[in-house]
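# Descriptive analysis of the structure
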Amino acid sequence: MANVVVVGAQWGDEGKGKIVDWLSERADVIARFQGGHNAGHTLVIDGEVYKLHALPSGVVRGGKLSVIGNGVVLDPWHLIKEIGTIQAQGVEITPENLMIAENTPLILPFHGELDRARESQNSVAKIGTTGRGIGPCYEDKVGRRVIRVADLADNATLELRVDRALVHHNALRNGLGLEPIDRNALIAQLQEIAPKILPFAAPVWKVLNEKRKAGKRILFEGAQGALLDIDFGTYPFVTSSNVIAGQASTGVGIGPGSIDFVLGIVKAYTTRVGEGPFPTELDDDDGQRLGERGHEFGTTTGRKRRCGWFDACLVRQTCATSGVNGISLTKLDVLDGFETLKICVGYDLDGERLDYLPTAADQQARCKPIYEEMPGWSESTEGARSWADLPANAIKYVRRVEELIDCPVALLSTSPERDDTILVTDPFAD
Ligand code: IMP
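Model, not experiment: these values are computed from the prediction.

Parameters at a glance
- Residues numbered from 1 in each chain as written.
- Predicted model: local features only at pLDDT ≥ 70, side-chain atom pairs only at ≥ 80, totals over all residues.
- Heavy atoms only, no water.
- Phe/Tyr/Trp six-rings, centres within 6.5 Å; stacked < 30°, edge-to-face > 60°.
- Helix = DSSP H or I, 4+ residues; strand = E, 2+ residues; numbered from the N terminus.
- Lys NZ or Arg CZ within 6 Å of the ring centre and 35° of its normal.
- Near = heavy atom within 4 Å.
- Polar contact = N/O pair within 3.5 Å; in protein donor to acceptor, adjacent residues only side chain to side chain.
- Areas by Shrake-Rupley, 256 points an atom, 1.4 Å probe, with all protein chains shown as cover.
- Nonpolar A, V, L, I, M, F, W, Y, C, P; charged D, E, K, R; others polar.
- Domains from an automatic or database assignment.
- Contact = heavy atoms within 4.5 Å.
- Buried area = accessible area lost by both parts, 1.4 Å probe.
- Salt bridge = Lys/Arg side-chain N within 4 Å of Asp/Glu carboxyl O.
- Pairing = 2+ DSSP bridges.

Attention now goes to the packing of aromatic side chains. Taken as a whole and judged by the stated rule, the model has 3 aromatic pairs. On the basis of an interplanar angle of 55 degrees and a centroid distance of 5.2 Å, the ring pair of Trp11 and Phe278 is categorised as tilted. Of this pair, Trp11 sits in the loop between strand S1 (4–8) and helix H1 (16–24) while Phe278 is found in the loop between strand S10 (270–272) and helix H9 (285–293), placing the two residues 267 residues apart along the sequence. The ring of Trp22 has Arg26 sitting right over it, with the charged end atom 4.3 Å from the ring centre. If you follow Arg399 out to its NZ or CZ, it ends over the ring of Trp387, 4.6 Å from the centre.

This is how it looks when you write it as structure tokens:
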């Protein structure tokens, strides 16, 4: 039986929510393995719009187990609020269909405060984060002072963990001019939320390994995109977790050999929110048009996304670092009506041609995209459900993308509606 990992192959916002939802019908378990509520996945099912941030996309489908793995950072107050919103839309969420790994780190209110304080301190340190405390929580995890879900079950442990965290955080807050944390109030807040979270806590690594042995299909739902990966992204303008497919294994506690197919989600053009390099960014009418047609505003922060042409170099790179077996190309319809389309096929660095984005920041800044032009199409591709519905030039564009990124198209998505999808290769096929 196949287990599939879904990862964003650009800077996030590639349209993973719809594809994960589409695939989740074929899966038994849907597991988040990194990131937190910085993610924003929009699902449209029978006209009903669901906006998910912390919950795995599988929760909206009945009969599936949704899992929040240890690779995620979890804001318990946000989660309970999100569960309430989704339940109000008629979706049932119980410990039978949602499990949270006991070793998942918790995002606490001071993580968000620290994130926002740093972002507003000075322009040199600014990353353009979502301000949700993601980075500070991962820092505490690696610093061995984070509070994890299991710690909520025992008051003595909880107090010890809080004290450990505060030694570090109060010193830091002092330097930033922030008030020290009220220890007892924080402990009381955690004790108050504990009984709402603990019923969902489970040894996720064990459950998933048992499911795998029983032949159940697991769908690993990535958040953000590979260019925001802490190691392979455009550092330091990245998120604080590993986003690439290898993280699916450590983010839930399952062996790398359990992964059978990696599906990269790729938008037919490029967008980015927040600061950082973006070689094909467009600051003209074409960029404006991509943003308007593609409704490019962040699901989580509402920020306007930066837009640009498709960068085949970057996607070839992310397909390699994630071992992508096939891509799902999304939002092709946003390109409808452009007379000419451009694809970045390489970079000019001081007169030398490169086929990848170098790591050094000064070199990245000097990389000028080398474009290949392709004729556009005037017909609409929106809602196409077979290749026959696509104009010849749209097919040529897709084929050229496949060639340039050295990876085949497995799925083609032509609108937010789940059925507007062209299936080439079923990632779950045996
Ligand atoms: P953080 O993850 O909030 O620390 O933000 C770090 C960077 O990742 C910023 O540039 C954010 O805009 C970006 N980012 C985080 N989550 C997402 C996402 O789900 N989609 C797109 N960009 C994201």
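Attention shifts here to the site of the ligand. The immediate surroundings of the ligand are formed by 15 residues, with Asp13, Asn38, Thr130, Thr239 and Arg303 found nearest. Here Gln224 contributes a side-chain N or O atom positioned 3.3 Å from a nitrogen atom of the ligand. Between Thr239 and the ligand, the recorded distance is 2.6 Å, taken from a side-chain N or O atom to an oxygen atom. Summarising the interface, the protein chains cover 96% of the accessible area of the ligand, which totals 470 Å² for the free molecule. Residues of the shell around the ligand, tallied by class, amount to 6 nonpolar, 7 polar and 2 charged.

Looking now at the domain arrangement of the protein chain. Assigned domains of the protein chain: these are domain 1 (4–104 + 201–258), domain 2 (109–197) and domain 3 (266–423). Just the C-alpha atoms count here: the centres of domain 1 and domain 3 sit 24 Å apart. Facing the 33 residues of domain 1 at the interface are 36 residues of domain 3. Both sides together, the interface formed by domain 1 and domain 3 hides about 2800 Å², and carbon and sulfur atoms give 59% of it. The largest share of the area that domain 1 buries against domain 3 comes from Trp11, Lys18 and Trp22, three residues that together contribute 25% of it. Put simply, domain 1 and domain 3 have 3 salt bridges between them. Between Glu25 and Arg418 there is a salt bridge whose closest N-O contact spans 3.6 Å. Linking domain 1 with domain 3 are 16 residue pairs in polar contact (both at pLDDT 80 or more), by the criterion used here. Elements with a minimum of two residues in the side of domain 1 that touches domain 3: H1 and strand S3 (41–45). Of the residues forming the side of domain 1 that touches domain 3, the biggest block, 4 residues, is contributed by H1. Of the residues that constitute the side of domain 1 that touches domain 3, the class distribution is 14 nonpolar, 10 polar and 9 charged.

On to unusual backbone geometry, then. Omega for the bond connecting Tyr235 with Pro236 falls within 30 degrees of zero, at 5 degrees, which places this linkage in the cis form. One non-glycine residue, His295, lies in positive phi territory at about 50 degrees.

In this fold, Ala360 is placed in the loop between strand S15 (352–354) and helix H11 (361–366). In the structure, Ala360 is positioned 126 residues away from Thr234 in sequence and 9.3 Å away in space, judged by C-alpha atoms.

Attention now moves to the pairing of strand S4 (residues 48–52). Pairing of S3 with S4, which is carried by 5 bridges, proceeds in the antiparallel orientation. Bridge pairing links Thr42 to Lys51 in S4. In textbook terms, the turn of a hairpin is the stretch between consecutive antiparallel strands, and for S3 and S4 this stretch comprises 2 residues, one of which, Asp46, has a positive phi near 50 degrees.

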